[in-house]
Amino acid sequence: MRLSSRTLARLHPDVARPGYDRTALKPGILHLGTGAFHRAHQAVAIDDCLARGETQWAILGSSLRGRETRDALAPQDGLYTLALRDGEREDLRVIGSVLDVLVAPEDPAALLARLADPAIRIVTLTITEKGYAVDLGSGGLRQDHPDVIHDIANPQAPRSALGFLLEAIARRRREGVRPFTLLSCDNLPRNGRTLKRVLSEFAALRDKDLAAYVAGEIPCPSSMVDRIVPSTTQADRDAISASLGLEDAWPVMGEPFSQWVIEDHFAAGRPRLEESGVEFTDDVEPFEHMKLRLLNGTHSTIAAVGRLAGYEFVAQAIADPAIRGLIERYWHCVIPTLAMPADRAFAYTRQLLARYENTSLHHRTAQIASDASQKLPQRILSPLRDCLAQGLPCAPLVFAVAAWIRSCGGSDDQGRPLALNDPTFEAWTGQPDQRMMAPQAVAEAFLDLSAVFGEDLPRNPAFVAALQEAYRAIAMRGVLAAIGSV
Ligand code: NAI
Ligand code: CS2
């Protein structure tokens, strides 16, 4: 029997569930990109708000790509399970905040109509880094992006998040509807500011006046989001359904830790998220630097190094003393680049180690390695630039970049194939064949990738030489042996 409003009462008694009347809910938030993370993070904080009686802030979900999430959740009336795992412990909770999921490619007009609806006051986004069509080297819009070109030509039937948002903003403005707030929850640098910049540049391709309206009237607070949420596997579905006593076609799972820090600029009100543990601030950057540089930077390092060494999961990789030592040295290099007091940052890294050691999460190194070309600039290269500018040691960061380059070669240290899963990188026509080239030449060829390395790093001789040396060591000795020299 399937999880749904009708069967809720049959759930195993230990499973938490919505205690509020879902028929009284009204959607005040529209979410773009209803993937695993949104359902394990923002939708949970909103579930708490609904339970406190803020009934006008339920979520209307949407997908700009596939229909899988809608197909799984529609027969369940939007209900799904969150499983929080730590060691032997697993806490199950059914979340009720997502009312429905719209599938944009099936009916773009329906999504546009809901975005233009005055009841929608906040639009949240988790569309992955690549969903913003941003050139991370310059921070500006990729005007050559196929979706950007398509959406400028077809404003009434867009494909991209930017296309949907701009058309909805134009309609609301025309119809005298007050603006919504755009709240990015992706792991981008200054995610709100980045969104505003690409959206304004996108608008300028269509109408300069609309671009000025976006820049002046649409609040885009930046936010820092954190909870490790591995993709759900069939084994998770089966195990969670067995514990529920009902079938759930798409539960999500994550760690107990959760953090959300938001700049408090909203156009038309917001739920009382502070009562759900969310922090509000005037400037998210110190939090964002701490999280992107200490957590995501080492996550991407573990993904690249761990995959070359043959580790499938983060917990396995961090249990290897060589990798753990590299990560600890990495943190020592990065902490002086942060605005956070060092003792607070070190306490954060101790907590990170424990989070990485959580064996029940089964967090795949391959998941973190996906879209790496969209992740390295803010996670690793940004602190690396600060280290270079301040004359601070940064060998572990350079090593991480070299390991990523090596992992793009298509096989691990044992010659087993490594899948890429990075469409932006795969579209790069200058990719060198790593088996055919001298190590120095491989690192040098990668530096042509300006969307990753910008214009400055390839011109820094100390960085270029260190990268060539780190790559050569990995190629010659294998990644684990090469760590010894870092
Ligand atoms: P997921 O794979 O479950 O969902 C990704 C969502 O993004 C899907 O709805 C997909 O349709 C959509 N999407 C993919 N490419 C798109 C594009 N080009 N344009 C528009 N939509 C697109 O992944 P998950 O776990 O939900 O992560 C999504 C994002 O959330 C991450 O990229 C990251 O920025 C952020 N995040 C994820 C965390 C995690 O641990 N999973 C934690 C913190 C942030
Ligand atoms: C990970 C993040 O997949 C990745 O790239 O580094 O999604 C990470 O799990 C989250 O940022 C944790 O909050």
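Remember, it's a predicted structure, so these values are computed and weren't measured experimentally. (Residues numbered from 1 in each chain as written. Chains lettered and ligands numbered in written order. Predicted model: local features only at pLDDT ≥ 70, side-chain atom pairs only at ≥ 80, totals over all residues. Heavy atoms only, no water.)

Give me the lowdown on the overall build of the protein chain, citing residues and values where you can.
Looking only at helices and strands, the protein chain features 21 helices and 11 strands. In terms of overall size, the protein chain behaves like a compact globule, its C-alpha atoms giving a radius of gyration of 23 Å where 486 residues would be expected to give roughly 23 Å. Dimensions of the protein chain, computed from C-alpha atoms along their principal axes, come out at roughly 65 × 55 × 40 Å. Counting the 486 residues in the protein chain, one finds 57% classified as buried. Here the protein chain has roughly 18900 Å² of accessible surface; of this, 51% comes from carbon and sulfur atoms. (Helix = DSSP H or I, 4+ residues; strand = E, 2+ residues; numbered from the N terminus. Rg over C-alpha atoms; globule rule 2.2 N^0.38 Å. Buried < 20%, exposed > 50% of the residue type's maximum accessible area, 1.4 Å probe, protein only. Areas by Shrake-Rupley, 256 points an atom, 1.4 Å probe, with all protein chains shown as cover.)

Hey, could you go over the site of ligand 2 for me, with residue numbers and the actual values?
Taken together, Asn187, Val225, Asp226, Arg227, Ile228, Lys291, Asn296, His299, His363, Ile368, Lys375 and Arg379 are the residues near ligand 2. Contact between ligand 2 and Lys291: an oxygen atom at 2.6 Å from a side-chain N or O atom of the residue. Within the side chain of Asn296, one N or O atom sits 2.9 Å away from an oxygen atom of ligand 2. Alone, ligand 2 offers 340 Å² of accessible surface; in the complex the protein occludes 90% of this. When residues of the shell around ligand 2 are traced back to their parent elements, those giving at least two are strand S8 (223-226) and helix H10 (285-309). Residue contributions to the shell around ligand 2 peak at 3 residues, all from H10. Tallied by class, the residues present in the shell around ligand 2 amount to 3 nonpolar, 4 polar and 5 charged. (Near = heavy atom within 4 Å. Polar contact = N/O pair within 3.5 Å; in protein donor to acceptor, adjacent residues only side chain to side chain. Nonpolar A, V, L, I, M, F, W, Y, C, P; charged D, E, K, R; others polar.)

Describe in detail the pattern of salt bridges, supporting the description with residues and values.
Throughout the structure, instances matching the rule amount to 35 salt bridges. Linking Arg324 and Glu357 is a salt bridge whose minimum nitrogen-to-oxygen distance equals 2.6 Å. One end of the pair, Arg324, is in helix H12 (residues 321-334); the other, Glu357, is in the loop between helix H13 (342-356) and helix H14 (365-369), with 33 residues separating them in the sequence. Given a relative accessible area of 27%, Arg324 falls into the partly exposed group. Looking at Glu357, the relative accessible area reads 36%, which means it is partly exposed. (Salt bridge = Lys/Arg side-chain N within 4 Å of Asp/Glu carboxyl O.)

Break down the domain arrangement of the protein chain for me, with residues and values.
The assigned domain composition of the protein chain is domain 1 (8-281) and domain 2 (285-483). For domain 1 versus domain 2, the distance between C-alpha centres works out to 29 Å. Every contact between the two is made by 32 residues of domain 1 and, on the other side, 30 residues of domain 2. Both sides together, the interface formed by domain 1 and domain 2 hides about 2500 Å², and carbon and sulfur atoms give 52% of it. The largest contributions to the domain 1 side of the interface with domain 2 come from Lys130, Leu136 and Ile228, which together make up 21% of the buried area. (Domains from an automatic or database assignment. Contact = heavy atoms within 4.5 Å. Buried area = accessible area lost by both parts, 1.4 Å probe.)

Outline the pairing of S8, listing residues and values.
Look at any regular strand and the pattern is simple: side chains alternate between the two faces of the sheet. Burial along S8 is two-sided: Ser223 and Val225 facing one way and Met224 and Asp226 facing the other are all buried. Pairing between S8 and strand S10 (residues 259-263): 4 bridges, direction antiparallel. What sits directly across from Met224, in S10, is Val261. (Pairing = 2+ DSSP bridges.)

Could you give an account of the site of ligand 1, with specific residues and numbers?
Near ligand 1, the surroundings consist of 21 residues, among which Ala36, Phe37, Asp186, Asn187 and Val229 are the closest. In the model, a nitrogen atom of ligand 1 is placed 3.0 Å from a nitrogen or oxygen of the Arg65 side chain. With respect to ligand 1, the backbone of Asn187 contributes an N or O atom lying 3.0 Å from an oxygen atom. In the complex, 79% of the free accessible area of ligand 1, which totals 830 Å², lies under the protein chains.

Describe the packing of aromatic side chains, with residues and values.
Note on aromatic pairs: each is described by the distance of the centres and the angle between the planes. Tallied over the entire structure, the rule returns 6 aromatic pairs. A ring pair is formed by Phe425 and Trp428, whose centres lie 5.8 Å apart and whose planes are at 55°; its orientation type is tilted. Each member of the pair, Phe425 as well as Trp428, is classed as buried. One residue, Arg39, lies across the ring of Tyr80, its end atom 4.6 Å from the ring centre. Residue placement shows Arg270 over the ring face of Phe280; its charged tip is 3.7 Å from the ring centre. (Phe/Tyr/Trp six-rings, centres within 6.5 Å; stacked < 30°, edge-to-face > 60°. Lys NZ or Arg CZ within 6 Å of the ring centre and 35° of its normal.)

How would you sum up the nonpolar core? Please name residues and give values.
In this structure, Leu294, Trp404 and Phe453 are the most contacted members of the largest nonpolar core, which totals 72 residues. For this core, the two domains that each supply at least three residues are domain 1 (8-281) and domain 2 (285-483). Residue contacts for Phe453: discarding those within four places in its chain leaves Leu381, Arg385, Val401, Trp404, Phe446, Leu447, Pro458 and Phe463. Counting 41 residues, the second largest nonpolar core, distinct from the first, contains Ile169, Leu195, Val214 and Cys220. (Core = buried A, V, L, I, M, F, W, Y, C linked by side-chain atoms within 4.5 Å.)

Describe the side chain of Gln259, naming the residues involved and giving the relevant values.
Tracing the backbone through its elements, the reader meets Gln259 in strand S10. One polar contact links Gln259 to Glu279, side chain to side chain, over a distance of 3.2 Å. If sequence neighbours within four positions are ignored, Gln259 has contacts with His41, Met224, Val225, Asp226 and Glu279.

How would you explain the environment of Ala369 if you had to name every residue and give the values?
Positionally, Ala369 belongs in helix H14. For Ala369, a relative accessible area of 13% puts it in the buried group. Sequence separation between Ala369 and Ser300 is 69 residues; the distance between their C-alpha atoms is 6.4 Å. Setting aside anything within four residues of it in sequence, one finds Ala369 in contact with Ala303, Arg307 and Leu420.

Residue-level account of the sheet that holds strand S5 (residues 98-103), with values.
What the 5 strands build is an open sheet, ordered S5-S2-S1-S6-S7; its pairing is parallel. If you trace the sheet from one side to the other, it starts and ends with S5 and strand S7 (181-184), each paired once. For this sheet, the mean inter-axis angle between neighbouring strands, taken without regard to orientation, is 25°. Pairing between strand S6 (residues 122-125) and S7: 4 bridges, direction parallel. Each bridged residue has a counterpart across the sheet, and for Ile122 the counterpart in S7 is Thr181. Strand contacts of helix H6 (residues 161-174): strand S1 (27-32), S6 and S7, with the helix running at about 175° to S6, the strand carrying the most contacts. (Axes fitted to C-alpha atoms, helices over the stretch in contact; angles between N-to-C directions.)

Can you tell me about the sheet that holds S10, naming the residues and giving the values?
The strands making up a sheet associate through backbone hydrogen bonding, with each pair oriented either parallel or antiparallel. One open sheet holds the 3 strands; their spatial order is S8-S10-S11, and the pairing between them is mixed. Two strands lie at the open edges of the sheet, namely S8 and strand S11 (279-281), each paired on one side alone. With strand direction ignored, the average angle separating the axes of adjacent strands in the sheet is 20°.

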